[in-house]
Amino acid sequence: MAYFYQNPVLRWLLRNPIWGFVLIVFIFFSLSSEHFFAARNLQNILVQTSTIGLIALGMTLVMINGNIDLSVGATLALAAAFAVDVQSWAMFATWGNWQILPAVCLALLVGIFMGAINGFIVWKTGVDAFIVTLGAMLGIRGLVFVYTGEQSFYAMNFAYSDFSALSFGPLPVLAVIFLLCVLIVHWLLSRTVHGRNTYAVGGNREAAVNAGIRVGPHMMINFMIIGFLAALSGVLLSTQMGAATPNLGRDYELWVITAVVLGGTKLTGGKGDIIGTLGGVLAIGILRNGMNLMQVPAFYVYVILGSILIAVLFLDKRFNTSTDGGLRL
Amino acid sequence: MTASREPALRLQGIVKTFPGVRALDGVDFEVMPGEVHALLGENGAGKSTLMKVLAGMYQPDEGQIMIAGHPVQMTTPIEAKAQGVVLIHQELSLVPEMSAAENIYLGELPRKSFGRVDWATLEERANAILKRLKCSFRAEVTVANLSIANQQMVEIARALTVDARVVVFDEPTASLTDAEKVVLFDIINDLKARGVGIVYISHRMDEIFTLSDRITVLRDGAYRGTLTTAVTNEDEVTRLMIGRSLDLSRDEAAPNFGKTMLEVRNLTCPGLFENVSFTVRVGEVVGFYGLVGAGRTEIAEALFGLRKPDSGEIRVDGEAAEITSPRAAIALGISLVPENRKEQGLVLQMNCRDNMTLPQVQALTTGPFVAQGAELAIFDKYRDRLAIKTPSWKQSAAVLSGGNQQKIVIGKWLSMTPRVLIVDEPTRGIDVGSKSEIHQLLRELAAQGYAVIVISSEMPEVLRVSDRIIAMYHGRIMREFDIKDVTEDSLVQAISGISAEAVA
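What counts and how
- Residues numbered from 1 in each chain as written.
- Chains lettered and ligands numbered in written order.
- Predicted model: local features only at pLDDT ≥ 70, side-chain atom pairs only at ≥ 80, totals over all residues.
- Heavy atoms only, no water.
- Helix = DSSP H or I, 4+ residues; strand = E, 2+ residues; numbered from the N terminus.
- Rg over C-alpha atoms; globule rule 2.2 N^0.38 Å.
- Buried < 20%, exposed > 50% of the residue type's maximum accessible area, 1.4 Å probe, protein only.
- Contact = heavy atoms within 4.5 Å.
- Areas by Shrake-Rupley, 256 points an atom, 1.4 Å probe, with all protein chains shown as cover.
- Core = buried A, V, L, I, M, F, W, Y, C linked by side-chain atoms within 4.5 Å.
- Domains from an automatic or database assignment.
- Buried area = accessible area lost by both parts, 1.4 Å probe.
- Salt bridge = Lys/Arg side-chain N within 4 Å of Asp/Glu carboxyl O.
- Polar contact = N/O pair within 3.5 Å; in protein donor to acceptor, adjacent residues only side chain to side chain.
- Nonpolar A, V, L, I, M, F, W, Y, C, P; charged D, E, K, R; others polar.
- Pairing = 2+ DSSP bridges.
- Axes fitted to C-alpha atoms, helices over the stretch in contact; angles between N-to-C directions.
- Expected span 1.5 Å × (residues − 1).
- Arc of directions from axis to C-beta.
- Phe/Tyr/Trp six-rings, centres within 6.5 Å; stacked < 30°, edge-to-face > 60°.
- Lys NZ or Arg CZ within 6 Å of the ring centre and 35° of its normal.
- Parallel < 35°, antiparallel > 145°, perpendicular 65-115°, else oblique.
- Left-handed = near helix turned anticlockwise from the far one by under 90°.
- Patch = residues over 30% accessible without salt bridge, like charges linked within 9 Å, V, L, I, M, F, W, Y side chains within 5 Å.
- pLDDT = per-residue confidence, 0-100.

As for the overall build of chain B
- Within chain B, the secondary structure is distributed over 18 helices and 22 strands.
- Computed over C-alpha atoms, the radius of gyration of chain B comes to 25 Å, within 12% of the 23 Å expected from 2.2 N^0.38 for 504 residues, which places it in the range of a compact globule.
- In chain B, which comprises 504 residues, the share counted as buried stands at 53%.
- A separation threshold of at least 6 residues defines the contact pool for chain B, and within that pool the share at least 24 residues apart is 65%.
- When the accessible surface of chain B is summed, it comes to about 21700 Å², and 50% of that surface belongs to carbon and sulfur atoms.

Have a look at this one:
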């Protein structure tokens, strides 16, 4: 055990058990499936991961704050519907490919706006974020059905649906956008005042107030960030499909929360980071991809992921209570 | 009547040690049936430890507990209750969402077949007990809807479901109004008339002299004597309580006070504090002394923008100040080291450095990012200056000792170079060594030109650190002492409210 604690790599893995798991499943699938360790497939994993990955970045902020956002899947669907529909509005008919621009901007603004509403209600009413965003989840999904009339929208502009096929060198453009967002949010959380306050508010709200932090507006900003990221995720998903369906993003909130929790963020707030969250989304992405390649029926993935979620949290409780002085909830 | 000559409860030579502390050192205590026996002592004198031994929460290392003449062993609170010893805690332990009846019989609800609750019996019995206590409410009422006094009645009613021989009241009036107190005293006298032995723990001299038959004083975990209330007086009790002559000598030059930094005029917050006026000068430590609930913390909260006063005026450095939030207070140079460092001061999961710089990360930001070098410089400076013992700045605040945690909080506010530093209970739950370091530090800060307010419930502490002492009782300033003129007797009297008329 002494060696275990001295080796910096192992010590790092002990604090971020999810990366150990990522490593194990990566090696496992590389050995057991000939198609897994191929450049084309690894690109695929990154693209598939980017959808829930983007939202998970925002969820990390919101959860470190001690809140949660269940409305992300619905927000994603609403943003995707706007992005696809607005570009075919008559007023942009003569804009050529530029018609995509107002559509995407509007979609992202819708996401920010929905997040702002969530945050504002949590701030002003003091109602638990779980309840507020549960309501928003139902309400926004309802809006999606009203807006789309239960139909799917199809993108008429091929430049839109071709976007996701672009790549920078070996990296698909969606992966690049995702990794860029990972870097930005990581910096935001670890290096800026806003990030520091995120930990303080979630760790001890009273101490944060006593330190002069304006807790309400602070939480609202984080809800706006996750709203933006959910909308961005929706836009990117609709470019992949060339369409927006009213059921887009169903259950995504559960995948996202699973990924973030796997990455070591505490539901009670105050603890977590983007490195862990990246590990969490990659773990889910690799597992789904690898099992798909091995032709394991999709529902087994749920069983296995559920078991892993509980196992990882159990290990985390075991190790981190003993090394960190026993303060865990 | 022969039974009544045997004490209802007798403790003999009780010794209880914790690692490094001898909390109880051979304490004797007895209560006769139908007697109110007051237990008195300063904070930390051992009263609560003794009561926990009595309630079966602690096991004594030595000594004997006898109930009605028979030695007993009480290893759990349930056994103690079975022996007829009931504790009524300072903090109420009721389930607010349940009815009074359910609370009274919690854990012992009468049952019908298939484990169904027998509501009729439950409410009948509960109402009978409440009637005995002359309560004006019915047992069906939800506890959350009752006043604090009535909630206390429910707690007392719970004690009466067993055939209580001894009832212990631990600071029962801390949260009661005067009218509610009268009701409580009636009940205590009623219990007394029924032959129940009463142990009454309180700081308040006036209550003790109204209620008790005898007074036993503890000091530093040791028994200091038992007095008969009818033939003693406050002076004698006070002397027993304080006992030692405190070392108040300060090896420092006569303090040099500067201009008035903080001036408070007629600050009022109804029910909490009224017409509070005082000043604090540069280079001066003003001690606020009083019992818990005297309104001291609430004044600090008003000064820090956590509580909105109804009326009154606050001036900082001669200018009228509108303090509506901690943010505004911090901008004015007012800092508060709160009463409860773990709940109000620290983000426990956060590392030491981040905790220390929390209120000023904005000021330490250059470009988009926090300047970590500058943060570390601040941490290093105050770690050295306050002698904070931590292996590294990366250590989470949760694992530090109480003294070091408190130093982190003090360092946090010192690094902001405040104009007024308010410290609420600076050494609560801190070991003796760190305690004197913090006292020394507070003196040094004053010498360096800070205006300091220290709120404390410990007399040695206020005497040691203050230049002036403001004694509070029930939200009012009773008296202001210069450190040169203060006597312990007069201080105890001022905060107990016994000589209120004489002083006012």
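Looking at the nonpolar core
- By size, the foremost hydrophobic cluster in this structure holds 100 residues, and its most contacted members are L54(A), L57(A), M59(A), Y160(A) and L287(A).
- What L287(A) contacts, discounting residues up to four positions off in sequence, is F21(A), V25(A), F29(A), I304(A), L305(A) and I308(A).
- Within the second largest apolar cluster, 64 residues are counted, among which are L267(B), V280(B), A321(B) and L421(B).

Considering unusual backbone geometry
- Its identity is not glycine, yet D251(A) carries a phi of approximately 70°, on the positive side.
- The backbone of N275(B) sits at a positive phi, close to 50°, despite the residue not being glycine.

Description of the domain arrangement of chain B
Residue and element names in this part refer to chain B.
- What the domain assignment reports for chain B is domain 1 (3-242), domain 2 (249-333 + 421-504) and domain 3 (341-417).
- Of note, the centres of domain 2 and domain 3, computed from C-alpha atoms alone, are 25 Å apart.
- Listed as interface residues are 16 residues of domain 2 and, on the opposing side, 14 residues of domain 3.
- Carbon and sulfur atoms supply 64% of the area that domain 2 and domain 3 bury against each other, a total of about 1200 Å² over both sides.
- For the interface between domain 2 and domain 3, the tally reads 1 salt bridge.
- Its salt-bridge partner being E437, residue K407 comes within 2.7 Å of it at the nearest N-O pair.
- For the interface between domain 2 and domain 3, the tally reads 3 residue pairs in polar contact (both at pLDDT 80 or more).
- The greatest single-element share of the side of domain 2 that touches domain 3, amounting to 5 residues, is contributed by helix α15 (residues 432-447).
- Here the residues of the side of domain 2 that touches domain 3 are counted per class, giving 9 nonpolar, 4 polar and 3 charged.

Thoughts on the sheet that holds strand β10 (residues 222-228) of chain B
Residue and element names in this part refer to chain B.
- The strand order across the open sheet formed by 6 strands is β6-β7-β8-β3-β9-β10, and the pairing between neighbours is mixed. With partners counted over all chains shown, the strands left at the sheet margins are β6 (85-88) and β10, one partner each. For this sheet, the mean inter-axis angle between neighbouring strands, taken without regard to orientation, is 20°.
- Here β6 runs beside strand β7 (residues 166-170); their pairing, made up of 4 bridges, is parallel. Its bridge partner being in β7, I88 is matched across the sheet by F169.
- In this fold helix α1 (residues 47-54) packs onto β3 (36-40), β6, β7, β8 (197-201) and β9 (214-219), with an angle of close to 130° to the strand it touches most, β3.

Topic: the interface of chain A and chain B
- Between chain A and chain B, the contact holds 25 residues from the first and 31 residues from the second.
- Summed over both sides, the interface between chain A and chain B buries roughly 2200 Å², with carbon and sulfur atoms accounting for 59% of that surface.
- It is R191(A), R196(A) and N210(A) that lose the most area in chain A upon contact with chain B, and together they represent 31% of the buried surface on that side.
- Joining chain A to chain B, the criterion identifies 2 salt bridges.
- Measuring nitrogen to oxygen at the nearest pair gives 3.2 Å for the salt bridge that ties D354(B) to R196(A).
- Residue assignment for the side of chain A that touches chain B shows that the elements contributing at least two residues are α9 (173-191), α10 (193-203) and α11 (205-210) of chain A.
- Per element, the largest residue contribution to the side of chain A that touches chain B is 6 residues, and it comes from α10(A).

What to know about helix α6 (residues 178-193) of chain B
Residue and element names in this part refer to chain B.
- End to end, α6 covers 23 Å across 16 residues, agreeing with the expected 22 Å (1.5 Å per residue, within 8%).
- Residues of α6 that are buried: E180, K181, L184, F185, I187, I188 and L191. The buried residues of α6 all sit within an arc of 160° when viewed along its axis, so they share a single face. What points out from α6, more than 90 degrees from its buried face, is the exposed set D178, A179, V182 and A193.
- Positive backbone phi, at 90°, marks G195, one or two positions downstream of α6.

As for the pairing of strand β13 (residues 285-290) of chain B
Residues and elements named next belong to chain B.
- The buried fraction of β13 amounts to 6 of the 6 residues, a majority that puts the element mostly inside the structure.
- Residues of β13 alternate between two faces, with V285, G287 and Y289 on one and V286, F288 and G290 on the opposite face, all of them buried.
- As defined by bridge partners, β13 adjoins strand β20 (residues 451-456) across 5 bridges and the pair is classed as parallel. The residue bridging Y289 from the neighbouring strand is S456, located in β20.
- Summarising the sheet, β13 and strand β21 (residues 468-473) pair through 5 bridges and their orientation is parallel. In the strand pairing of β21, G290 is matched with M472.

Some details on the packing of aromatic side chains
- Under the defined criterion, the tally for this structure stands at 15 aromatic pairs over all chains.
- With 4.9 Å between their ring centres and 75° between their planes, F92(A) and W95(A) make a pair best called edge-to-face.
- Looking at F92(A), the relative accessible area reads 10%, which means it is buried.
- Taken together, the aromatic side chains of F26(A), F28(A), F29(A), F36(A) and F37(A) make up a single cluster linked through ring pairs.
- In this arrangement the basic side chain of R191(A) is found over the ring face of F369(B), its NZ or CZ atom lying 4.7 Å from the centre.
- The cationic tip of R353(B) hangs over the ring face of W393(B); the distance from NZ or CZ to the ring centre is 4.1 Å.

Thoughts on the packing of helix α13 (residues 372-386) of chain B against helix α14 (residues 402-414) of chain B
Residue and element names in this part refer to chain B.
- Relative to each other, α13 and α14 sit at 125°, their axes nearing to 10 Å. Our classification of the angle between α13 and α14 gives oblique. The two elements α13 and α14 cross, and the hand of that crossing is right-handed. Judged by residue contacts, F379, Y382 and L386 of α13 engage K407, I408, I410, G411 and L414 from α14.

Concerning a nonpolar patch on the surface
- Together, V127(A), F130(A), I131(A) and L134(A) line one region of the surface with nonpolar side chains, adding up to about 320 Å² of accessible area.
- Note on placement: V127(A) falls in the loop between α6 (100-125) and α7 (129-148).

Observations concerning the packing of helix α4 (residues 39-64) of chain A against helix α13 (residues 252-262) of chain A
Residue and element names in this part refer to chain A.
- Their axes nearest at 9 Å, the elements α4 and α13 cross at an angle of 65°. The way α4 lies across α13 gives a crossing that is right-handed. Residues T51, I52, I55, A56, M59, T60 and M63 of α4 touch α13, and the partners they reach there are Y252, W255, V256, I257, V260 and V261.
- Its residues placed into classes, the contact of α4 with α13 shows 11 nonpolar, 2 polar and no charged.

Some details on the side chain of T75(A)
All names here are of chain A.
- Turning to its location among the elements, T75 is positioned in helix α5 (residues 72-86).
- Using a relative accessible area of 4% as the deciding quantity, one classes T75 as buried.
- Discounting residues that sit within four places of it in the chain, T75 has contacts with G111, M114, I140, G227 and A230.

Here we look at the confidence of the model for chain B
- For chain B, the mean per-residue pLDDT works out to 85, and 93% of the residues sit at or above 70.
- Predicted confidence is poor over residues 500-504 of chain B, with pLDDT under 50, and the contacts of this stretch with residues over four places away or in other chains come to 3 contacts.

Here's the deal with the environment of R443(B)
- Tracing the chain through its elements places R443(B) in helix α15.
- Taking C-alpha positions, R443(B) is 18 Å from T279(B), a pair spaced 164 residues apart along the chain.

Here we look at the pattern of salt bridges
Residues and elements named next belong to chain B.
- A full pass over the atoms with the stated rule returns 28 salt bridges over all chains.
- The residue E155 makes a salt bridge to R158 at a minimum N-O spacing of 3.8 Å. Linking E155 with R158, this pair stays in helix α5 (residues 148-160), spanning 3 residues, or about one helical turn. Accessibility assignment for this pair places E155 and R158 in one class, buried.
- With a shortest N-O distance of 2.5 Å, E480 and R468 are connected by a salt bridge. In this pair, E480 is assigned in strand β22 (residues 476-482) and R468 in strand β21, connecting sequence segments 12 residues apart.
- On the accessibility criterion, R468 (9% relative accessible area) is buried.

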